Amino acid sequence: MRPRDDLDLPWLAERERRGPVLRKGAGVTPTAWFDPRGRALGSFAFALNRLTALGLVLYLYLHLGVLSLLLRGEDAWSDFLRLATTGAFLALDVLLLFGLLFHGLNGVRIALVGSGVVPERHRALFWAFTVVGVLALTAGALRILGGG
Ligand code: HEM
């Protein structure tokens, strides 16, 4: 196979430039996917939606694995509870709450925009749901970390 630089295709020079993926043609360089410059709010929301989705799927399997400790009896479960109530573990609960809130609220936003209920207001919805999410996350974090 010929090396890529030997091909005379219009977008090859553009692909090598640093910056957003937009209009760079097919097959952007791998690093371009991780370049945050010049992207719109929706791109960040999409990336975070996918990250939180993957995190939630991972959590679901972890959760089922942890629940299977119940099969090993009371001692195994009590040992787990001792670990689960340490500060570091509770901080992970707050991270989980963040993932759930972001993914859930952003999902509702996508559904409202995509189904044509509020087609032109995706940015306003993003910021409105951000306020709701921050309030809910703060209340949840205080409850989880404060033990209230
Ligand atoms: C709170 C309720 C939830 C709502 C409203 C919601 C909504 C959505 C929506 C609208 C999408 C499509 C995003 C797009 O088209 O760009 C999506 C994707 C996805 N969701 Fe959820 N979701 C919820 C909970 C969950 C949970 C609990 C999990 C995992 C256990 C999950 C896993 C996923 C995955 C893996 C994707 C695909 C992500 C991607 O392709 O980038 N979701 N969700």
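Each remark here, short or long, concerns the structure printed above.
Just so you know, these numbers come straight off a predicted model, no measurement behind them. (Residues numbered from 1 in each chain as written. Predicted model: local features only at pLDDT ≥ 70, side-chain atom pairs only at ≥ 80, totals over all residues.)

### Considering the overall build of the protein chain
In step 1: Each helix and strand in the protein chain was counted, giving 5 helices and 0 strands.
In step 2: Mapped from its N terminus to its C terminus, the protein chain presents α and β elements in the order α-α-α-α-α.
In step 3: Across the 148 residues in the protein chain, those meeting the buried criterion constitute 4%.
In step 4: A fraction of 46% describes how many contacts in the protein chain between residues 6 or more apart in sequence connect residues 24 or more apart. (Helix = DSSP H or I, 4+ residues; strand = E, 2+ residues; numbered from the N terminus. Buried ≥ 20, exposed ≤ 12 C-beta atoms within 10 Å, placed from the backbone. Contact = placed C-beta atoms within 7 Å.)

### Thoughts on the site of the ligand
In step 1: Surrounding the ligand, one finds 13 residues, the nearest of these being Arg50, Ala53, Leu56, Gly104 and Gly107.
In step 2: Broken down by secondary-structure element, the contributors of at least two residues to the shell around the ligand are α2 (41-67) and α4 (87-114).
In step 3: Per element, the largest residue contribution to the shell around the ligand is 7 residues, and it comes from α2. (Near = placed C-beta within 6 Å.)

### Section: the packing of α2 against α4
In step 1: Axis separation between α2 and α4 bottoms out at 9 Å; the angle between their running directions is 125°. By the angle between their axes, α2 is oblique relative to α4. The way α2 lies across α4 gives a crossing that is left-handed. Contacts from Ala45, Leu48, Asn49, Thr52, Ala53, Gly55, Leu56 and Tyr59 of α2 reach α4 at Leu96, Gly99, Leu100, Phe102, His103 and Asn106.
In step 2: Its residues placed into classes, the contact of α2 with α4 shows 8 nonpolar, 6 polar and no charged. (Axes fitted to C-alpha atoms, helices over the stretch in contact; angles between N-to-C directions. Parallel < 35°, antiparallel > 145°, perpendicular 65-115°, else oblique. Left-handed = near helix turned anticlockwise from the far one by under 90°. Nonpolar A, V, L, I, M, F, W, Y, C, P; charged D, E, K, R; others polar.)

### Comments concerning the packing of α4 against helix α5 (residues 122-146)
In step 1: Where α4 meets α5, the closest approach of the two axes is 9 Å, and the angle between their N-to-C directions is 155°. Considering their axes alone, α4 and α5 lie roughly antiparallel with respect to each other. With respect to the hand of their crossing, α4 and α5 are arranged in right-handed fashion. Taking contact as the criterion, the partners of Leu90, Asp93, Val94, Leu97, Phe98, Leu101, Phe102, Leu105, Asn106, Arg109, Leu112 and Val113 in α4 are, on α5, His122, Leu125, Phe126, Phe129, Val132, Gly133, Ala136, Leu137, Gly140, Ala141, Ile144 and Leu145.
In step 2: Grouping the constituent residues of the contact of α4 with α5 by class yields 18 nonpolar, 4 polar and 2 charged.

### Focus: the environment of His122
In step 1: Its location among the elements puts His122 in helix α5.
In step 2: Between the C-alpha atom of His122 and that of Arg109, which follows or precedes it by 13 residues, the distance is 7.1 Å.
In step 3: Other than its neighbours up to four places away in sequence, His122 contacts Gly42, Arg109 and Val113.

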